[in-house]
Structures are given as C-alpha cells and as structure tokens.
Amino acid sequence: MILYVISVGLSVTMGLMGFINLAHGVFAMAGGFILSTVMARFGMPFPLALVAAFVIVALLSIVLERLLYSRLYAAGDLAQVLFSIGLILISMALARLIYGNLAAPVFLPDYLRGQVHVLGRDFPTYRVFLIIFSTLIIVGLWFGVERTRWGAMVRAAVDNRAMAQSVGINTRLLFMATFALGSGLAGLGGALGADILPIDPGYPLRFLVYFLIVVSVGGLGSIAGSFAAAALLGISDIAGKYYVPQIGAFLIYLVMISLLMWRPAGLFGRR
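Residues numbered from 1 in each chain as written. Predicted model: local features only at pLDDT ≥ 70, side-chain atom pairs only at ≥ 80, totals over all residues. Heavy atoms only, no water.

Considering the confidence of the model for the chain
So, point 1. The predicted model of the chain averages 88 in pLDDT, with 99% of residues at 70 or higher.
So, point 2. Least confident of the elements in the chain is helix H6 (residues 149-159), whose mean pLDDT is 81; most confident is helix H3 (residues 46-67), at 95. (pLDDT = per-residue confidence, 0-100. Helix = DSSP H or I, 4+ residues; strand = E, 2+ residues; numbered from the N terminus.)

Okay, here's the thing in structure tokens:
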C-alpha cells in the first residue's frame with residue numbers, strides 16, 4: 001500500500017507529461033521529514049501532520065514545477081534524467097545538513113499502537129490502519145480519474161495532448177495540478193510509511209528502484225496498474241525473503257523481468 005500511494009503519482013505524471021522524474025522519492029522523503037518535524041516541534045496531532053505533509057509537499061512541488069520542471073518538458077530524456085538525479089543529490093545534501101544522518105523519529109499516537117484482533121489473529125494496529133487508509137485513497141483516486149471532469153481531462157491529455165489542447169483544455173494548468181497531486185501523494189506516502197520505511201537523507205536513492213518497478217510493471221498513467229504492480233511486487237518481495245532468503249532479494253527483479261517480457265508496456269499499459 002505504501003509503494004502504491006508513493007508510486008501512483010509518478011505513474012500519472014510520467015504518463016501525462018512524459019517527464020522522466022527520477023526525483024519522485026524526494027517528495028516522499030520531504031513528507032516524512034515534515035511529519036516528524038511538525039509533530040516533534042509543534043506538537044501537531046498525527047492526522048493533522050499527515051494533512052500538513054500532503055499540502056506542504058504539494059505546494060513546494062508547484063514551485064519546483066513552475067521554476068524548474070516546466071523548462072525541461074520539451075527537453076530530451078537525457079536532460080530530464082540528469083536534472084532529476086541532480087535534484088536528488090541536492091535534496092539529500094540539504095536533508096543531511098538540516099536533519100543529520102539519522103532517520104527521522106516518528107511518534108505514533110496511542111490508538112495506533114499495539115495489536116488488533118482480526119479473524120483469530122493479531123495484527124499491528126498501525127499496519128491495519130495503513131491498509132484501510134490506503135484503500136480509501138485508491139477508491140478516491142479511481143473515482144477522481146474515472147468519474148470527474150478533471151479525470152476526463154487528464155485521460156484526454158494522456159491519450160492525445162494536442163487534441164486536448166485543441167478542444168480548450170488548459171494543459172499547462174492541468175499539468176501543474178496533476179504534478180502537485182502526484183507529489184502530494186508521494187509526500188503523504190512517505191509520511192504514512194515513515195514508521196516502516198525509515199526516512200533519512202538516503203531515502204530517494206534507496207527506494208528509487210521500487211518506485212520505478214511499480215510504474216514500469218503497472219503501466220504509465222494507470223491507477224489500477226500501479227495498484228496491481230505494487231501489490232504483486234510488495235508481496236512477492238516479502239514472501240521471497242521469508243521463504244527463500246538465499247535469493248529473496250533478487251526475486252522482485254525476476255518477477256519484474258518476467259512480467260515485462262510478457263507485457264512490455266506493463267500490466268495495464270497501452271502498446
């Protein structure tokens with residue numbers, strides 16, 4: 001679920017803008033650090049801290065999109081890759097300067113600690129909360145993309161950007177709003193998963209391959225594809241490390257290669 005919440009924004013923005021944004025993990029890292037900071041220094045409750053992580057990261061992404069990203073939309077793939085790698089390195093250096101090398105502490109409220117009894121078994125309360133909360137995000141995204149005017153414009157721009165512009169869709173504003181939503185979701189995912197995936201200055205590079213695998217296996221611009229890929233890869237990764245620890249770390253790559261050989265455009269991607 002954490003992989004999905006973080007990666008789905010990257011899938012939509014790459015599918016819509018055609019921008020190779022390897023720095024997507026930077027927004028997830030920022031969300032985790034924001035959550036930790038507002039809770040530790042300002043005493044903000046956990047639910048409000050999640051909202052703050054989403055809103056602040058989304059607003060910061062708008063500034064970056066207007067000042068930096070928009071200048072490279074027409075650039076080649078190499079320029080976009082080099083820019084995003086540079087942004088990763090700069091953000092890691094800033095995070096290390098501000099927060100040091102240690103992982104950001106996460107203070108879960110009492111009602112999210114402990115165990116919850118479900119179907120005869122005990123599960124960590126926070127992980128049950130993550131599954132339920134992320135499921136609501138999935139439903140909300142599906143409804144937004146499939147049943148709203150904004151979603152129709154996004155799908156139209158993904159299918160044919162030039163035609164979308166010709167019928168009066170402001171693709172510049174649409175790009176900015178979609179980029180902010182995708183980045184905000186990354187920040188929210190980083191904040192939600194901070195207790196499971198530690199937030200430290202090395203976060204954007206350490207988990208970059210996971211985000212890219214979800215996007216490539218699911219298919220660019222696909223909400224359902226990102227969820228299917230995140231579920232399949234997350235479960236296979238953990239199952240492999242549990243049942244066959246000798247090769248468990250490589251199982252996720254074997255699954256990715258097999259799926260992409262079968263469907264090069266991803267599970268729900270278009271050829």
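Re helix H5 (residues 125-147)
So, point 1. In a regular helix each residue adds 1.5 Å, so 23 residues correspond to 33 Å; H5 covers 32 Å between its end C-alpha atoms and thus fits that length.
So, point 2. Where H5 is concerned, the buried positions are Thr125, Tyr126, Leu130, Ser134, Ile137, Ile138, Leu141, Gly144 and Val145. (Expected span 1.5 Å × (residues − 1). Buried < 20%, exposed > 50% of the residue type's maximum accessible area, 1.4 Å probe, protein only.)

Some details on a nonpolar patch on the surface
So, point 1. On the surface, Val209, Tyr242, Tyr243, Val244, Ile247, Phe250 and Tyr253 cluster together into a nonpolar patch covering about 740 Å² of accessible area.
So, point 2. At the level of secondary structure, the elements contributing two or more residues to the nonpolar patch comprise helix H11 (223-243) and helix H12 (248-262).
So, point 3. When you line up the elements, tyrosine 253 lands in helix H12.
So, point 4. On the basis of relative accessibility, which here comes to 31%, the residue tyrosine 253 falls in the partly exposed class. (Patch = residues over 30% accessible without salt bridge, like charges linked within 9 Å, V, L, I, M, F, W, Y side chains within 5 Å. Areas by Shrake-Rupley, 256 points an atom, 1.4 Å probe, with all protein chains shown as cover. Salt bridge = Lys/Arg side-chain N within 4 Å of Asp/Glu carboxyl O.)

So, unusual backbone geometry
So, point 1. Backbone geometry places leucine 119, a non-glycine residue, at a positive phi of 50°.
So, point 2. Tracing the backbone shows leucine 119 in the loop between strand S1 (115-118) and strand S2 (121-124).
So, point 3. For leucine 119, a relative accessible area of 85% corresponds to the exposed category.

Observations regarding the pairing of S2
So, point 1. Bridge count for S1 against S2 is four bridges, and the pairing is antiparallel. Residue histidine 117 lies in a different strand from S2, and its bridge partner there is aspartate 122.
So, point 2. Connecting S1 to the antiparallel partner S2 that follows it, the hairpin turn spans two residues, and leucine 119 within it adopts a positive phi of roughly 50°. (Pairing = 2+ DSSP bridges.)

Here we look at the pattern of salt bridges
So, point 1. Counted by the stated rule, this structure contains four salt bridges.
So, point 2. Note that glutamate 65 and arginine 66 form a salt bridge whose closest N and O atoms lie 2.7 Å from each other.
So, point 3. A relative accessible area of 0% means that glutamate 65 is categorised as buried.
So, point 4. The shortest N-O distance in the salt bridge between aspartate 237 and lysine 241 comes to 3.4 Å. Within this pair, aspartate 237 and its partner lysine 241 are both found in helix H11, separated by four residues, close to a single helical turn.

Let's talk about the packing of aromatic side chains
So, point 1. A complete count under the given rule lists 16 aromatic pairs for this structure.
So, point 2. Between phenylalanine 27 and phenylalanine 179, the aromatic rings sit 5.9 Å apart at their centres with planes inclined by 90°, giving edge-to-face as the arrangement. Of this pair, phenylalanine 27 sits in helix H2 (residues 24-42) while phenylalanine 179 sits in helix H8 (residues 171-192), and the two are 152 residues apart along the sequence.
So, point 3. The class of phenylalanine 27 is buried, set by a relative accessible area of 4%. (Phe/Tyr/Trp six-rings, centres within 6.5 Å; stacked < 30°, edge-to-face > 60°.)

Focus: the environment of isoleucine 223
So, point 1. Inspection of the secondary structure assignment puts isoleucine 223 in helix H11.
So, point 2. The spacing of isoleucine 223 and proline 198 is 25 residues in sequence and 26 Å in space, taken between C-alpha atoms.

Digging into the nonpolar core
So, point 1. In terms of nonpolar packing, the biggest core is built from 70 residues, with Tyr4, Phe46, Tyr69 and Tyr203 touching the most fellow members.
So, point 2. Broken down by element, the residue count for this core peaks at 10 residues, all from helix H1 (residues 2-17).
So, point 3. If near-sequence neighbours (up to four positions away) are discounted, tyrosine 203 is found in contact with Ile6, Gly25, Ala28, Met29, Gly190, Leu197, Pro198 and Phe211.
So, point 4. With five residues, the next largest nonpolar core counts Val154, Ala157, Ala164 and Ile169 among its residues. (Core = buried A, V, L, I, M, F, W, Y, C linked by side-chain atoms within 4.5 Å. Contact = heavy atoms within 4.5 Å.)

What about the environment of leucine 233?
So, point 1. With respect to the element layout, leucine 233 can be found in helix H11.
So, point 2. For leucine 233, a relative accessible area of 2% puts it in the buried group.
So, point 3. Counting along the chain gives 190 residues from leucine 233 to glycine 43, while the straight-line C-alpha distance between them is 36 Å.
So, point 4. Contacts of leucine 233, omitting those with residues within four sequence positions, involve Ile213, Val214, Val217, Ile252 and Val255.

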